[in-house]
Amino acid sequence: MRFFLKIIILSMCFVSLLACSKVEQSTIGEVHKIEFKLLYKSKELQCSDYEKLDAVLHDMRFFLHDIKFDQESLNLIKNEWQTNNVVLLDFKNAKRHCEQGALNSNARIQFSNSMTIGKKQTLSFVIGLPNHLNHQNPVKAPSPLNKSDMHWQWLSGYKFLRLEYEKDQQLNRFHLGSMACSGRIPNDVKCNTPNTLEIHNGDFEMGYSVIDVHLDQLVGVESEGLCMGNPNDKACALWIDALRDKTFRSRNLR
Amino acid sequence: MKSKLSLGLVAVGMFGLIVYQTHNNKDYSVSVPEHFPELPIPVDNPLNKAKVELGRHLFFDKNLSINQTTSCATCHLPEKAFTDGRAKSLGALNDRHPRSSMSLANIAYASSLNWADPLTEHLERQLLTPMFGEEPVEMGMAGKEQQIIEYLSDQQPYPKLFKKAFSSDNPSELISIDHLAKALASFQRTIISGNAAYDQYLLGDDSAMSESALKGMQLFFSEKVECFHCHGGFNFTDSSTHSAEQNFVKTFHNNALYNIDGNGAYPKDNTGAFAITQNPNDMGAFKAPTLRNIALTAPYMHDGSIISLEGVLDHYAVGGRTIENGELAGDGSKNPLKNPFIKGFELSEQERKDLLEFLDSLTDEAFTKNPAYQDPWE
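Each value, and the rule that gives it
- Residues numbered from 1 in each chain as written.
- Chains lettered and ligands numbered in written order.
- Predicted model: local features only at pLDDT ≥ 70, side-chain atom pairs only at ≥ 80, totals over all residues.
- Heavy atoms only, no water.
- Helix = DSSP H or I, 4+ residues; strand = E, 2+ residues; numbered from the N terminus.
- Buried < 20%, exposed > 50% of the residue type's maximum accessible area, 1.4 Å probe, protein only.
- Contact = heavy atoms within 4.5 Å.
- Areas by Shrake-Rupley, 256 points an atom, 1.4 Å probe, with all protein chains shown as cover.
- Core = buried A, V, L, I, M, F, W, Y, C linked by side-chain atoms within 4.5 Å.
- Phe/Tyr/Trp six-rings, centres within 6.5 Å; stacked < 30°, edge-to-face > 60°.
- Lys NZ or Arg CZ within 6 Å of the ring centre and 35° of its normal.
- pLDDT = per-residue confidence, 0-100.
- Salt bridge = Lys/Arg side-chain N within 4 Å of Asp/Glu carboxyl O.
- Buried area = accessible area lost by both parts, 1.4 Å probe.
- Polar contact = N/O pair within 3.5 Å; in protein donor to acceptor, adjacent residues only side chain to side chain.
- Nonpolar A, V, L, I, M, F, W, Y, C, P; charged D, E, K, R; others polar.
- 1 Å grid on protein atoms, 1.4 Å probe; cavity = no way out; pocket = protein on both sides within 12 Å on 5 of 7 lines; lining within 4 Å.
- Points joined across faces, edges and corners; volume = space filled by probe spheres on them.
- Disulfide = S-S within 2.5 Å.

A. Here's a closer look at the overall build of chain B. The number of helices and strands found in chain B is 14 helices and six strands. The proportion of buried residues among the 378 residues of chain B is 57%. Summarising the internal contacts of chain B: among those between residues at least 6 apart in sequence, 66% fall at separations of at least 24. On chain B, roughly 16,100 Å² of surface is accessible, and the fraction owed to carbon and sulfur atoms is 52%.

B. Quick look at the overall build of chain A. Tallying secondary structure elements over chain A gives five helices and 17 strands in all. Taking all 254 residues of chain A together, 51% fall into the buried category. Contacts in chain A between residues at least 24 apart in sequence constitute 71% of all its contacts with a sequence separation of at least 6. When the accessible surface of chain A is summed, it comes to about 12,400 Å², and 51% of that surface belongs to carbon and sulfur atoms.

C. Quick peek at the nonpolar core. Within the largest apolar cluster, 53 residues are counted, with the highest numbers of intra-cluster contacts made by Leu54, Leu58, Phe59, Met131, Ile148 and Leu152 of chain B. Within the residue set of this core, elements represented by two or more residues are β2 (28-33), α2 (49-59), α3 (72-75), α5 (128-132), α6 (145-154), α7 (158-165) and α8 (177-189) of chain B. Top element by residues in this core is α8 of chain B. It accounts for seven residues. Discounting residues that sit within four places of it in the chain, Leu58 of chain B has contacts with Leu64, Leu152, Tyr158, Leu180, Ala183 and Leu184 of chain B. Counting residues in each nonpolar core, the second largest holds 48 residues, with Ile34, Leu53, Phe69 and Ile240 of chain A among its members.

D. Summary view of the packing of aromatic side chains. Summed over all chains, the structure comprises 33 aromatic pairs over all chains. Measuring from ring centre to ring centre gives 6.0 Å for Phe63 of chain A and Tyr158 of chain A, while their planes differ by 85 degrees; the resulting arrangement is edge-to-face. Taken together, the residues Phe63 of chain A in strand β3 (residues 55-69) and Tyr158 of chain A in strand β9 (residues 157-158) connect sequence positions 95 residues apart. Across the pair, exposure class does not vary: Phe63 of chain A and Tyr158 of chain A are buried alike. Their ring planes at 70 degrees and their centres at 6.3 Å tell us that Trp152 of chain A and Trp154 of chain A sit as a pair that is edge-to-face. Owing to a relative accessible area of 1%, Trp152 of chain A belongs among the buried residues under this scheme. For Trp154 of chain A, a relative accessible area of 27% translates into the label partly exposed. Each member of the aromatic cluster is reached from another via a ring pair, and the members are Phe59, Phe60, Phe82, Phe187, Phe367 and Tyr373 of chain B. Residue placement shows Arg254 of chain A over the ring face of Tyr208 of chain A; its charged tip is 3.8 Å from the ring centre.

E. Just the confidence of the model for chain A, in detail. When pLDDT is averaged across chain A, the result is 86; 84% of the residues are at 70 or more. In this model, residues 1-23 of chain A is a region of pLDDT below 50 whose contacts with residues beyond four sequence positions or in other chains number four contacts.

F. Inspection of the pattern of salt bridges at higher detail. Tallying each qualifying case throughout the model produces 27 salt bridges over all chains. The salt bridge partner of Glu205 of chain A is Arg254 of chain A, with a shortest N-O separation of 2.3 Å. Residue Glu205 of chain A is located in strand β14 (residues 197-205), and its partner Arg254 of chain A is located in the segment after β17 (248-252); the two are separated by 49 residues in the primary sequence. Take Arg254 of chain A: its relative accessible area is 63%, and that puts it in the exposed class. The structure contains a network of salt bridges with shared partners spanning Asp59, Arg61, Asp149, Lys159, Arg162 and Glu164 of chain A together with Glu134 of chain B.

G. Local environment of the environment of Lys164 of chain B. Examined against the element boundaries, Lys164 of chain B turns out to sit in helix α7. Remark: the alpha-carbon pair of Lys164 of chain B and Lys51 of chain B, spanning 113 residues in sequence, is separated by 7.7 Å.

H. Geometry of unusual backbone geometry. Of the consecutive residues Ile185 of chain A and Pro186 of chain A, the connecting peptide bond is found in the cis state with omega at 5 degrees. Tracing the sequence through the fold places Pro186 of chain A in the loop between β12 (179-184) and β13 (188-193). A cis amide bond, omega -10 degrees, links Ala298 of chain B with the succeeding residue Pro299 of chain B. Summarising the element assignment, Pro299 of chain B is placed in the loop between β4 (285-286) and α12 (309-317). Phi at Ala81 of chain B is positive, roughly 55 degrees, even though this residue is not glycine. A relative accessible area of 0% means that Ala81 of chain B is categorised as buried.

I. The interface of chain B and chain A, seen in detail. Between chain B and chain A, the residue contacts involve 27 residues of the former and 30 residues of the latter. Between chain B and chain A, the buried area comes to about 2,200 Å², and carbon and sulfur atoms account for 48% of it. Contact with chain A buries area across many residues of chain B, yet Leu119, Arg125 and Glu135 of chain B alone supply 33% of it, more than any other trio. Inspection of the chain B/chain A interface yields four salt bridges. Between Lys140 of chain A and Asp44 of chain B there is a salt bridge, and its shortest N-O distance comes to 2.9 Å. Counting across the interface, chain B meets chain A through 14 residue pairs in polar contact (both at pLDDT 80 or more). Counting residues per element, the ones that place at least two in the side of chain B that touches chain A are α5, α8 and α11 (274-277) of chain B. Counted by class, the side of chain B that touches chain A contains 10 nonpolar, six polar and 11 charged residues.

J. Structural detail: empty space enclosed by the protein. Residues and elements named next belong to chain B. Counting across every chain of the model gives three cavities of 30 Å³ or more. Taken as a whole, the largest cavity spans an internal volume of roughly 730 Å³. Within the residue set of the lining of the largest cavity, elements represented by two or more residues are β3 (253-254), α12 and α13 (349-360). For the lining of the largest cavity, the leading source of residues is α12, giving four residues. Classifying every residue of the lining of the largest cavity gives 24 nonpolar, 13 polar and five charged.

K. Just the layout of surface pockets, in detail. If you add up the space inside the second largest pocket, you get close to 850 Å³. Elements with a contribution of two residues or more to the lining of the second largest pocket: β3 and β10 (161-167) of chain A together with α5, α6 and α8 of chain B. By residue number, the principal contributor to the lining of the second largest pocket is α6 of chain B, which donates four residues. Taken together, the residues of the lining of the second largest pocket break down into 13 nonpolar, 12 polar and 11 charged.

L. Quick peek at the state of the cysteines. All names here are of chain A. On inspection of all chains with the given rule, the structure shows two disulfides over all chains. Between the sulfur atoms of Cys181 and its disulfide mate Cys191 the distance is 2.1 Å. On the sign convention where negative is left-handed, the bridge of Cys181 and Cys191, at about 105 degrees about the S-S bond, is right-handed. Here Cys181, found in strand β12, pairs with Cys191, found in strand β13; they are 10 residues apart in sequence, far enough to count as distant. On the basis of relative accessibility, which here comes to 3%, the residue Cys181 falls in the buried class.

M. Spatial organisation of the side chain of Ser111 of chain B. Residues and elements named next belong to chain B. On the secondary structure map, Ser111 appears in the loop between α3 and α4 (123-126). Relative accessible area serves as the criterion here: at 0%, Ser111 is assigned to the buried category. Within the local environment of Ser111, its side chain forms a polar contact with the side chain of Ser239, the two groups lying 3.2 Å apart.

Following this line, the structure appears as structure tokens:
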């Protein structure tokens, strides 16, 4: 047992040494990650916490696009969770994920820009999809834009965010997406209520900072339990404000 | 009398029988009546026989719902001209849809789909709502694409039908939601109704319609009753298009059913095109459905709130319905957004009978019994 502990400690030192000795400028083509952490009442959620929450999270997924660090657009790696300019963050049914050993399905942005590690600047992104992608036929779209439960069929667009949780025996559903749309799909549509939210995270230190998602800010909203995207509805307005202003914060792990 | 009838009607044919034009597509042709425009088929989804056959299997397959209770045909029964007889349709999990099921007769020609949806023009897109939609749940398959594909890969005769229908496509993507949608849309495009007594009359059979129905037709196309403004053309709806048409005309009408706040409001779950555009002028604006087979599709209106055709005539005769009490109370005839053709009219008892007789002459019995539209699993 002690022997194992030693190995673990030694290897941790080794990893941290590697991290400290990392070259300042990474090379082009190297894959970088920006991690997202789900927080509840300022505490990072671990699987073991899950039963203790006063709310049961059924779904928390959202699309981000136009992701920039120090005003430079990040070139996203194409994979199941990302196209070259869109990423789906997926904390859906965290409890079920936990049974499979992880808190989430996808909680990171992966990109390939050459980056200065340790540089402190603003990380910005937009919640939602750009209009030119929003009205495409989802069954022909690449992953993650092909997921039927992130599509808002009746509005011929996507759900930019779907948050569903049970609290005080009430099921709360917050779906956000572009509304008040007219024109012809897929390419000639204008939406008067785009419902895309621009988020700026200052003091983000590349390589050392993470983005916290303060779930309690959304779950804490005293809502009527249902928002289908219309900002004129009271429940929507409260959730949208909380999502834009209070939910995302950068945190430096150093 | 016939010269008057020509108003709004297409040219009368010389033949006693319905002559069909065929739309050839290599190995397949769909017959549409001679007096119908050419069938619009999207360039990226040409018809073929296997695709239509596959679509028919999918259309009637309850395994494509969350609890194996509901297929497309559950709400679109051939014997009711592809409606379900309910005021408001019922989803697989007993969600009550806010609206009534629409007939699929001649749906290929519709310039917009759903009751009040200016964005959805193609069947390939429309069917994603009943399959995957969650508000309300209809078939309840949101997030279950993989499950569908596994089912279709295992269940005969799907694998061979997919192979035949999409032979030119990449074999690794043979069974996909895209192909499912294309096949279902193709089947729906073959649902053609154009052999009612009215059609037979139009094409030269003078005995096909009764005297009363002919008088009713005159009324239907008259400025007195004004039905034809919204329910005109070969498909008795102004929401239709055909392959030669370049500009899609999407029309929606407020038909004076409600006026909840005096400013034209409709019930919250049925605000018409407003729900999508949020344009105040679109409040209560719905598509004029086809009147073909209308005698088979009761109850009527987008929300099934009028149980009979007699009731529909009453509603239009007074220029809009008044609801005296309750949360929906209001004088629809004073709805500021109502279509100006809904101005009311007076009919004698005989004229009412004639008009109803004409509407009956739009029923196409052969259509509802067409073996090409029946359940292949039975």
